[in-house]
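Here's the letter readout for the chains.
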Amino acid sequence: MTHKHRIADLLNSESPLEQITVQGWVRTRRDSRDFSFIELNDGSCLANIQVIAEQTIPGFESITLMTTGSAISLRADLIASPGKGQRWELKATRLELLGAAPEDFPLQKKRHSDEFLRTIAHLRPRTNKYGAMFRIRARLAQAIHDFFNSRGVYWIHTPVITGADCEGAGEMFHVTTLDLAKVPLQDSKVNFDKDFFGKEANLTVSGQLSVETFCLSLGKVYTFGPTFRAENSNTSRHIAEFWMVEPEVAFADLNDNMALGQELIKYLVHFVMNNCADDLDLFARFVDPTLMQRLCNIAGEDFPRVSYTDAVSILQQSNHNFVYRPEWGKDLQSEHERFLTEEYFQRPVIVHDYPKQIKAFYMRQNDDDKTVAAMDVLVPSIGEIIGGSQREERLHKLETRIIELGLKPADYWWYLDTRKYGSVQHAGFGMGFERLLMLVTGVSNIRDVIPFPRTPRQLDF
Ligand code: 4AD
Ligand code: MG
């Protein structure tokens, strides 16, 4: 196989190159009398490379078919560009049309609305903006693995199909092989005994419970994979299928957990600024002019920490006109979270020690009997990006809480076992990967940071 060059590498070449093969998609073509200019993009980077093709070269007879969107292959020399703004260009010696794109190729003009591009999610990564988005997404996913790997934290593959409801919120998708037209019933309830697993099964809402068992074996672990929530909320920050990063650390407490959350976010913001500069610049110029300032702000100082109780006082004393009145014991609304991070602290903020009645059963109960050792990291323009806690490691307290919340201890027998055998203090959190992407790109709709978004009544791709 002949060596094929990526445009990203060619544009950074140290020297001219002779007779190389380059393949990509035509962005635009201009014809003059004796030659044509092609702006070629292969997806390896934001920039196109300019190709000059003289009329006399083999393959030129197909030039009129090399329209916007067409795939082509060429042999060329990489030469210093006489033009402004680019260091290198390609002087083609042979052209080949690989796949034509007729006139109905939908990405003819330069700018399209995000809404329109969502209707062609299979083609939107061919645009500058979505190419940049999905390169950043790929690099950041890798950076997450690098972050944990370099700190001796093991990646655990937790199951996608589960029998347990981690968050106890019941917003789960069923997994079944039953014939929905004739569901077997027993006492007018579905008889899951006849189903594939012989019991009710769901798509996971979080890998936490599974990863905790590995935390209490391998010490420091994380899971990073798709999670599913059937909440019918059509907001710009919720999606039915999203990716979550969930570290879990043995012998760690709430303070360690808050420190890890801050370290992870800072690391990833640094990473994207240092490694994705060209793609990031697109978002800073065309999507959110305040982006770079916000990222510098996040990468800089520590995130202030405030207890839920103090946060509620701040909100109540703010004179801000909230739709929902802030009240101790109620969950913070997104407007409250955004006020705290955008206006009051003007930086990411960690809220900790929430009332136990609004948090999940596994969070460690504080001595005041009212709050749990929970923490949420809130960031400007998004609100909650991380949710986590120190875990209840005391068997009796955990069991009692499960019963209080109307859950069945028998359903959690293996989870409870970890509190029976060598139980220790431990803590962890979940960071929504799409919310991280919204944070680092300034893109305000979660549907635009995931390749194929799943939302209520939307499953076209
Ligand atoms: O706060 P959540 O629900 O926490 C958990 O699931 C814990 N079990 C995690 C843990 O401690 N291991 O979700 C964690 C994060 C949220 O802060 C948010 O960033 C993201 O997951 N998230 C969503 N992202 C997109 N769409 C949704 N529907 C989301 N629900 C949660
Ligand atoms: Mg949460």
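None of the values given here were measured: they were computed from a predicted structure. (Residues numbered from 1 in each chain as written. Chains lettered and ligands numbered in written order. Predicted model: local features only at pLDDT ≥ 70, side-chain atom pairs only at ≥ 80, totals over all residues. Heavy atoms only, no water.)

### Some details on the pattern of salt bridges
The full count for this structure, using the stated rule, is 25 salt bridges. Where Glu301 meets Arg347, a salt bridge forms, and the shortest distance between an N and an O atom there is 3.4 Å. Of this pair, Glu301 sits in the loop between helix H7 (291-299) and strand S13 (305-307) while Arg347 sits in the loop between helix H9 (334-344) and strand S14 (349-355); the two residues are 46 residues apart in sequence, bridging distant segments of the chain. Via salt bridges that share partners, Glu212, Glu248, Arg391 and Arg419 belong to a single interconnected network. (Salt bridge = Lys/Arg side-chain N within 4 Å of Asp/Glu carboxyl O. Helix = DSSP H or I, 4+ residues; strand = E, 2+ residues; numbered from the N terminus.)

### Topic: a nonpolar patch on the surface
A contiguous nonpolar surface patch, about 380 Å² in accessible area, is contributed by Val160, Ile161, Phe196 and Phe197. Mapped onto the fold, Ile161 is located in strand S7 (residues 161-162). (Patch = residues over 30% accessible without salt bridge, like charges linked within 9 Å, V, L, I, M, F, W, Y side chains within 5 Å. Areas by Shrake-Rupley, 256 points an atom, 1.4 Å probe, with all protein chains shown as cover.)

### Description of the site of ligand 1
What surrounds ligand 1 is a group of 25 residues, the closest being Glu167, Gln208, Arg229, Glu246 and Glu384. Between ligand 1 and Ile239, the relevant distance is 3.1 Å, taken from a nitrogen atom to a main-chain nitrogen or oxygen of the residue. Within the side chain of Glu246, a nitrogen or oxygen atom sits 2.7 Å from a nitrogen atom of ligand 1. Against a free-state accessible area of 630 Å², the protein chains account for coverage of 93% of ligand 1. At the level of secondary structure, the elements contributing two or more residues to the shell around ligand 1 comprise strand S12 (241-250), strand S16 (383-390) and strand S17 (426-432). In terms of residue count, the dominant contributor to the shell around ligand 1 is S16 (five residues). (Near = heavy atom within 4 Å. Polar contact = N/O pair within 3.5 Å; in protein donor to acceptor, adjacent residues only side chain to side chain.)

### Examining the sheet that holds strand S2 (residues 35-41)
In a beta sheet, neighbouring strands pair by backbone hydrogen bonds and run either parallel or antiparallel. Strand order in this closed barrel of five strands is S1-S2-S3-S5-S4, and the pairing throughout is mixed. Direction aside, neighbouring strands of the sheet carry axes that sit 55° apart on average. (Pairing = 2+ DSSP bridges. Axes fitted to C-alpha atoms, helices over the stretch in contact; angles between N-to-C directions.)

### Thoughts on the sheet that holds S14
With respect to topology, eight strands assemble into an open sheet ordered S6-S11-S12-S17-S16-S15-S14-S13, the strand pairing being mixed. The two strands at the open ends of the sheet, each matched to only one other strand, are strand S6 (154-155) and S13. The pairing of S14 with strand S15 (residues 371-379) spans six bridges and is classified as antiparallel. Among the inter-strand pairings, Pro355 is bridged to a residue of S15, identified as Thr371. Contacts from helix H12 (residues 433-441) reach strand S11 (220-228), S12, S15, S16 and S17 within the one sheet, and its direction differs from that of S17 by about 60°. (Contact = heavy atoms within 4.5 Å.)

### Some details on the pairing of strand S4 (residues 71-80)
Burial runs high along S4: seven of the 10 residues are buried. Of the pairings in the sheet, the one linking strand S1 (residues 17-31) to S4 comprises seven bridges and is antiparallel in character. Within S4, the position partnered with Gly24 by the bridge is Ile72. (Buried < 20%, exposed > 50% of the residue type's maximum accessible area, 1.4 Å probe, protein only.)

### A look at the state of the cysteines
Here a disulfide denotes one covalent bond, and it connects the sulfur atoms of two cysteines. The final tally for this structure, using the stated rule, is zero disulfides. Cysteine Cys296 shares no disulfide, and the gap to the nearest cysteine sulfur, in Cys276, comes to 15 Å. (Disulfide = S-S within 2.5 Å.)

### Quick look at H7
Every buried residue of H7 is accounted for by Leu291, Arg294, Leu295, Ile298 and Ala299. The arc that holds the buried residues of H7, viewed along the axis, is 135°, so those residues lie on one side. On its buried face, H7 sits against helix H5 (254-275), helix H6 (277-286) and H12. (Arc of directions from axis to C-beta.)

### Observations concerning the nonpolar core
Counting 66 residues, the largest nonpolar core has Ile136, Leu140, Ile265, Ile385 and Met431 as its most contacted members. Judged by nonpolar contacts, the second largest core, of 29 residues, contains Val205, Ile314, Leu332 and Tyr415. (Core = buried A, V, L, I, M, F, W, Y, C linked by side-chain atoms within 4.5 Å.)

### Structural notes on the packing of aromatic side chains
Using the criterion set out here, one finds 18 aromatic pairs in the structure. Judged by centre distance (5.7 Å) and plane angle (80°), the rings of Tyr308 and Trp328 are edge-to-face. Of this pair, Tyr308 sits in helix H8 (residues 308-316) while Trp328 sits in the loop between H8 and H9, and the two are 20 residues apart along the sequence. Judged by its relative accessible area of 34%, Trp328 falls in the partly exposed class. Ring pairs connect the aromatic residues Phe147, Phe148, Trp155, Tyr222 and Tyr267, which therefore count as one cluster. Against the face of Tyr267 rests Arg151, its NZ or CZ located 5.5 Å from the ring centre. Above the face of the Tyr354 ring, Lys359 is positioned so that its terminal group lies 4.2 Å from the ring centre. (Phe/Tyr/Trp six-rings, centres within 6.5 Å; stacked < 30°, edge-to-face > 60°. Lys NZ or Arg CZ within 6 Å of the ring centre and 35° of its normal.)

### Let's talk about the environment of Arg118
With respect to the helices and strands, the residue Arg118 is situated in helix H2 (residues 114-118). The buried category is assigned to Arg118, whose relative accessible area is 19%. Non-local contacts of Arg118, meaning those with residues more than four positions away in its chain, are made with Arg124, Asn445, Arg447, Asp448 and Phe461. One polar contact links Arg118 to Asp448, side chain to side chain, over a distance of 2.8 Å.

### Comments concerning the packing of H5 against H7
For the pair H5 and H7, the least separation of the axes is 9 Å and the interaxial angle reads 135°. Comparing their axes, H7 and H5 come out oblique. In this structure, H5 crosses over H7, and the sense of that crossing is left-handed. Contact with H5, carried on its side by Ile265, Lys266, Val269, His270 and Met273, involves Met292, Leu295, Cys296, Ile298 and Ala299 of H7 and no other residues of that element. When its residues are assigned to classes, the contact of H5 with H7 shows eight nonpolar, one polar and one charged. (Parallel < 35°, antiparallel > 145°, perpendicular 65-115°, else oblique. Left-handed = near helix turned anticlockwise from the far one by under 90°. Nonpolar A, V, L, I, M, F, W, Y, C, P; charged D, E, K, R; others polar.)

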